[in-house]
Protein chains: 2
Amino acid sequence: MTGTLYGLRILDLSHILAGPFCTMILGDMGAEVIKIEPPGGDGARTYGPFIKDESAYFMSINRNKKSVVVNIKTVIGVNIVKRLSRISDVIVENFRPGTLEKLGLGYEEIRKENPRIIYASISGFGHTGPYKDKPSYDMVVQGTSGLMSITGEPNGQPVRVGISIGDLIAGHHAAIGILGALYYKEKTGLGQRLDYGMLDGMVYLLENAITRYYIEGVVPEPLGTSHPSITPFQAFKTKDNYIILPLGSEKLWLEFCQVIGREDLTKNLLFSNNYQRTLNKHILIPELEKVFQKKTYKEWSNIFEKNGIPYGPINTIKEVVKDQQVISRQMIVEMEHSLVGPYKTVGSPFKLSQTQTGPRMPAPYLGQHTREALSNLLGFDDEYLSELKEKGVVGWKDL
Amino acid sequence: MTGTLYGLRILDLSHILAGPFCTMILGDMGAEVIKIEPPGGDGARTYGPFIKDESAYFMSINRNKKSVVVNIKTVIGVNIVKRLSRISDVIVENFRPGTLEKLGLGYEEIRKENPRIIYASISGFGHTGPYKDKPSYDMVVQGTSGLMSITGEPNGQPVRVGISIGDLIAGHHAAIGILGALYYKEKTGLGQRLDYGMLDGMVYLLENAITRYYIEGVVPEPLGTSHPSITPFQAFKTKDNYIILPLGSEKLWLEFCQVIGREDLTKNLLFSNNYQRTLNKHILIPELEKVFQKKTYKEWSNIFEKNGIPYGPINTIKEVVKDQQVISRQMIVEMEHSLVGPYKTVGSPFKLSQTQTGPRMPAPYLGQHTREALSNLLGFDDEYLSELKEKGVVGWKDL
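Residues numbered from 1 in each chain as written. Chains lettered and ligands numbered in written order. Predicted model: local features only at pLDDT ≥ 70, side-chain atom pairs only at ≥ 80, totals over all residues. Heavy atoms only, no water.

Participant: Any chance you could explain unusual backbone geometry here in plain terms?
Facilitator: Across the chain, the bulk of peptide bonds are trans and the bulk of non-glycine residues have phi less than zero. All names here are of chain A. Here Gly48 and Pro49 are connected by a cis peptide whose omega angle stands at -5 degrees. Within the secondary structure, Pro49 sits in the loop between β2 (32-37) and β3 (50-51). That bond from Thr231 to Pro232 is cis: its omega, -5 degrees, falls within 30 degrees of zero. With respect to the helices and strands, the residue Pro232 is situated in the loop between α9 (209-216) and β9 (233-237). (Helix = DSSP H or I, 4+ residues; strand = E, 2+ residues; numbered from the N terminus.)

Given below as structure tokens:
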């Protein structure tokens, strides 16, 4: 099978997480990704843990990419990127707004090289508006967007989503914007620019919290594991572990009450529909908590399994990587890094019937493809490459 | 400006959140979305809060869609969907695996009608593997994937991400899979099927937690607001509110220490680089906590602002919707619902320079476009529509 995006070339000027996650998605879908790194490497290469001096953090988000070291703070480096842009379909960058413009690599400069280019900029707040020049990171966006204010224990300490969701969502949204723009380019031949702000992306994801606030006038708060609009839809402590009970329909609620032998609850007007149950959560939940404490997780899960009631565990990472469904869906794969040897990483969720997605190439070491890419794509010979390396314009890790 | 996906027609058989979020993304990008609802409506229409009997939950994720009520449990209903599939580019569905197959609307049936169709199935665990028949909801996936095990206060209660991240990510991943498949179809003329499992999607998002676990052998745990691999990168309590301090580079760390007058910390070998600071977090953080308590949020933010140190607040939803950047980026927009009147909802993060994205049409009331769509697309006349309505095959809300 060929890759879904076979034949598409991405010139990747991005670093750390948001941009690299975007290009990992596109690489997983089959695009060729030329990752331009500064002589010191993408900053993510300094994040631990390390295996044989290689950053595992970096390795987990940079498979299917070629590492090409080019110093874009030099005139020749800028020229190399411009020449690469002529033979690329997409540019992805996540520098602070204005940075690439100052170097002569902004959208207006690049479109002169390649008018059909799709140029995607990811930044904390976007390239317009009062915050555009503010430095930002995932955490700032998690906090500013309001997501942190609705995540955590009721009246508890602030809590970050355990993954860098602002960056990850940015990567996804940028990929969607790029793919949409590619569709438009296929139809019209026109390129364009995506100005993506991470804060915009997090606000887009607040689901119904904003609408709820406008309608009810009540500021949404963290609710532990429970859902703001659906009840019961949360974790309960059993005799041993927690069990998740998401009852998303009236039918499930009625079946659940029958299964636990509490049909009386279905006759209580306080719990007569989802809206009532949510309103009267403070009465219903303690009642259910008592029920759940009577059996172990295993006992409850057997009962629910038999009766088609949805339920689930709170797995640790150790349990997830051994989970039979995760393994069956090939979501844990082993790759062979050129310096590190075999390492395990995640598979691809984009399972298409006719085209290939997922890991093909391990994450590269610094400058692993500098010579190959610049020789194949721009015709540089060994002598010139060595000369450029001496001048600090290009580079690679000497093994 | 035309929509980015102008001319693309999505036949949307999905309900509740994961599928509808996918089609909202595609609708925001300019596609035409024909939302097929059962006579009782998408289950999300029963989730509160309500404005004039319309669900605000539903309204927040169904703009840019046409509501067409078709009972797919009837022979004629199945036939209507098949006929619509011939003139559609994409089908999105999130029924339990096997449901549409039983009704004669599975991929194999639909591709007979339209071999070029892209048919995207979203389910909790995917259409293969030992869990494929298990019922699932967002919470089950949050718990099973391990995300909940790394979100929350250290040694605290389990915590759900404050949004239905499993569903939302599913919507994003399905949109990416569809757009990738559309690119492939533009190149080759071939359609295909996407088999998306929400659990796969959450595992894909665990960032470096899996790699960390494999390398260090330590099971990742919830860390409150702090980051597993970067330090300091968390919220600190000031004299009044919390402030977020994400120091993602050595340069920022050095500048920060200078700004707070604690250059001694940069000379301490325990904190000599990010890796050391993360290892010795238990010594560094209490030290910084003392520093932060000396001033208010406002005082610290002024200092950091002046010195280019990234920082941010933990906003409530009330503060987010008034945030000047959010407003400047048009992330809060007002729409006019046919029955409810004006309501506020989120804008689009897909800001492209040449094509339009974002809200165009408010969320529909139940069956608002049944007559229009079936008349325009399939040539049904008023008489036949009334007959079908009487038989319970199609429907609309009588005003």
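Participant: Would you take a moment to explain a nonpolar patch on the surface for this structure?
Facilitator: Judged by side-chain polarity, Phe50 of chain A together with Tyr275 and Leu279 of chain B come together as a nonpolar surface patch covering roughly 270 Å² of accessible area. Here Leu279 of chain B lies in helix α12 (residues 274-279). (Patch = residues over 30% accessible without salt bridge, like charges linked within 9 Å, V, L, I, M, F, W, Y side chains within 5 Å. Areas by Shrake-Rupley, 256 points an atom, 1.4 Å probe, with all protein chains shown as cover. Salt bridge = Lys/Arg side-chain N within 4 Å of Asp/Glu carboxyl O.)

Participant: Explain the nonpolar core here, please?
Facilitator: Counting 198 residues, the largest nonpolar core has Phe256 and Phe304 of chain A together with Phe256 and Phe304 of chain B as its most contacted members. Not counting residues within four places of it along the chain, the set of residues in contact with Phe304 of chain A comprises Ile243, Leu245, Phe256, Val259, Ile260, Phe292, Ile309 and Tyr311 of chain A. (Core = buried A, V, L, I, M, F, W, Y, C linked by side-chain atoms within 4.5 Å. Buried < 20%, exposed > 50% of the residue type's maximum accessible area, 1.4 Å probe, protein only. Contact = heavy atoms within 4.5 Å.)

Participant: Looking at this structure, how should I read the sheet that holds strand β8 (residues 192-197) of chain B?
Facilitator: Whether parallel or antiparallel, the strands of a sheet pair through hydrogen bonds between backbone atoms. Residue and element names in this part refer to chain B. Taken together, seven strands build an open sheet; the order of strands is β8-β7-β6-β1-β2-β5-β13 and the sheet is mixed. A strand with exactly one partner marks an edge of an open sheet, and here the two such strands are β8 and β13 (394-395). By the bridge criterion, four bridges tie strand β1 (residues 9-12) to strand β2 (residues 32-37) in an arrangement that is parallel. Looking at β2, one finds that Asp12 is bridged to Lys35. (Pairing = 2+ DSSP bridges.)

Participant: Before we go on, may I ask you to explain the relation of the copies chain B and chain A in this structure?
Facilitator: One copy of the chain maps onto the second through a rotation around an axis plus a translation along that axis. Each copy of the sequence occupies a distinct position, and chain B is placed on chain A by a rotation of 180 degrees and an axial shift of 0.0 Å, giving an RMSD of 0.0 Å. A rotation of that kind, with that shift, is consistent with a two-fold axis. Both copies share a contact surface, since 100% of the interface residues of chain B are interface residues in chain A too. (Least-squares fit on C-alpha atoms with pLDDT ≥ 70 in both.)

Participant: Would you mind showing me how to read the packing of helix α1 (residues 18-28) of chain A against helix α7 (residues 165-188) of chain A here?
Facilitator: Helices that pack against each other are described as a pair by the angle of their axes relative to one another and the distance between those axes. All names here are of chain A. Here α1 crosses α7 at 50 degrees, and the two axes come no closer than 7 Å. Accordingly, the angle class assigned to the pair α1 and α7 is oblique. The two elements α1 and α7 meet at a crossing, and its hand is right-handed. On α7, the residues that touch Ala18, Phe21, Cys22, Ile25 and Leu26 of α1 are Asp167, Leu168, Ala170, Gly171, His172, Ala174, Ala175, Ile178 and Leu179. Within the contact of α1 with α7, the residues separate by chemical class into eleven nonpolar, two polar and one charged. (Axes fitted to C-alpha atoms, helices over the stretch in contact; angles between N-to-C directions. Parallel < 35°, antiparallel > 145°, perpendicular 65-115°, else oblique. Left-handed = near helix turned anticlockwise from the far one by under 90°. Nonpolar A, V, L, I, M, F, W, Y, C, P; charged D, E, K, R; others polar.)

Participant: Would you mind going over the packing of aromatic side chains with me for this structure?
Facilitator: The description of an aromatic ring pair uses the distance of the two centres, along with the angle that the planes make with each other. On inspection of all chains with the given rule, the structure shows 36 aromatic pairs over all chains. On the numbers, 5.7 Å between centres and 75 degrees between planes, the contact of Tyr275 of chain A with Phe50 of chain B is edge-to-face. Taken as a pair, Tyr275 of chain A in helix α12 (residues 274-279) and Phe50 of chain B in strand β3 (residues 50-51) lie in two separate chains rather than in one. The class for Tyr275 of chain A is partly exposed, based on a relative accessible area of 36%. In this structure Phe50 of chain B comes out as partly exposed when scored by relative accessible area, which is 31%. Aromatic ring contacts, followed pair by pair, group Phe236, Trp253, Phe256, Phe292, Tyr297, Trp300, Phe304 and Tyr311 of chain A into a single cluster. Over the face of the ring belonging to Phe58 of chain B we find Arg45 of chain B, whose NZ or CZ atom lies 3.8 Å from the ring centre. (Phe/Tyr/Trp six-rings, centres within 6.5 Å; stacked < 30°, edge-to-face > 60°. Lys NZ or Arg CZ within 6 Å of the ring centre and 35° of its normal.)

Participant: Explain the side chain of Arg45 of chain A to me, please; I cannot follow it from the model alone.
Facilitator: All names here are of chain A. Structurally, Arg45 can be placed in the loop between β2 and β3. Separated by 2.7 Å, the side chains of Arg45 and Glu37 make a polar contact. There is a polar contact of 3.1 Å between the side chain of Arg45 and the backbone oxygen of Pro364. Setting aside its immediate chain neighbours within four residues, Arg45 contacts Glu37, Phe50, Glu54, Ser55, Phe58, Ser67, Pro364, Tyr365 and Leu366. (Polar contact = N/O pair within 3.5 Å; in protein donor to acceptor, adjacent residues only side chain to side chain.)

Participant: Sorry if this is basic, but what is going on with the interface of chain B and chain A here?
Facilitator: It is common to give the size of an interface as the accessible area lost on bringing the parts into contact. Listed per partner, the contact involves 148 residues of chain B and 148 residues of chain A. For the chain B face of the interface with chain A, the top three residues by lost area are Tyr183, Tyr204 and Ile317 of chain B, together amounting to 7%. Counting across the chain B and chain A interface gives ten salt bridges. Salt-bridge contacts for Lys187 of chain B lead to Glu186 of chain A; the nearest nitrogen and oxygen are separated by 3.2 Å. In terms of residues, the side of chain B that touches chain A owes the most to one element, helix α7 (residues 165-188) of chain B, which gives 16 residues. (Buried area = accessible area lost by both parts, 1.4 Å probe.)

Participant: Teacher, can you tell me more about empty space enclosed by the protein here?
Facilitator: In this approach the atoms are scanned with a rolling probe the size of a water molecule, which exposes any empty space left behind. Enumeration according to the criterion identifies two cavities of 30 Å³ or more in this entry. Of the voids in this model, the largest cavity is the one considered here, and its volume is about 80 Å³. Forming the walls of the largest cavity are Ile150, Thr151, Gly152, Arg212, Pro220, Glu221, Leu223, Gly224, Ser226 and Pro228 of chain A together with Arg160 and Gly162 of chain B. Its residues placed into classes, the lining of the largest cavity shows four nonpolar, five polar and three charged. A volume near 70 Å³ is recorded for the second largest cavity. Residue lining of the second largest cavity: 13 residues in total, with Arg160 and Gly162 of chain A together with Ile150, Glu221 and Leu223 of chain B positioned closest to the centre. Counted by class, the lining of the second largest cavity contains five nonpolar, five polar and three charged residues. (1 Å grid on protein atoms, 1.4 Å probe; cavity = no way out; pocket = protein on both sides within 12 Å on 5 of 7 lines; lining within 4 Å. Points joined across faces, edges and corners; volume = space filled by probe spheres on them.)

Participant: In this structure, what is going on with the state of the cysteines? I would like to understand it.
Facilitator: Put plainly, two cysteines are in a disulfide when a covalent bond ties their sulfur atoms together. Enumeration over the complete set of coordinates arrives at zero disulfides over all chains. Between Cys22 of chain B, a cysteine without a disulfide, and Cys22 of chain A, which holds the nearest cysteine sulfur, the sulfur-to-sulfur distance is 17 Å. (Disulfide = S-S within 2.5 Å.)

Participant: How should the sheet that holds strand β1 (residues 9-12) of chain A be read in this particular structure?
Facilitator: Residue and element names in this part refer to chain A. Strand order in the open sheet formed by seven strands is β8-β7-β6-β1-β2-β5-β13, with mixed pairing between adjacent strands. Two strands in the sheet have a free side with no partner beyond their single neighbour: β8 (192-197) and β13 (394-395). Where strand β6 (residues 90-93) lies against strand β7 (residues 118-123), four bridges are found, and the strand directions are parallel. Its bridge partner lying in β7, Val90 is registered against Ile118.

Participant: Just to check I follow, could you spell out the pattern of salt bridges for this structure?
Facilitator: Pairing is possible between side chains of opposite charge, provided their charged atoms come close. A complete count under the given rule lists 54 salt bridges over all chains for this structure. Here Lys112 of chain B ties to Glu109 of chain B by a salt bridge, and the two come within 3.4 Å at their closest N and O atoms. Placement of the pair is Lys112 of chain B and Glu109 of chain B together in helix α5 (residues 107-113), with a separation of three residues, close to one helical turn. Across the pair Lys251 of chain B and Glu255 of chain B runs a salt bridge, and its minimum N-O distance is 3.3 Å. Remark: Glu255 of chain B and Lys251 of chain B occur in helix α10 (residues 250-259); sequence separation between them is four residues, near one turn of the helix. Connected through salt bridges with shared partners, the residues Arg9, Glu32, Lys66 and Glu372 of chain A form a single ionic network.

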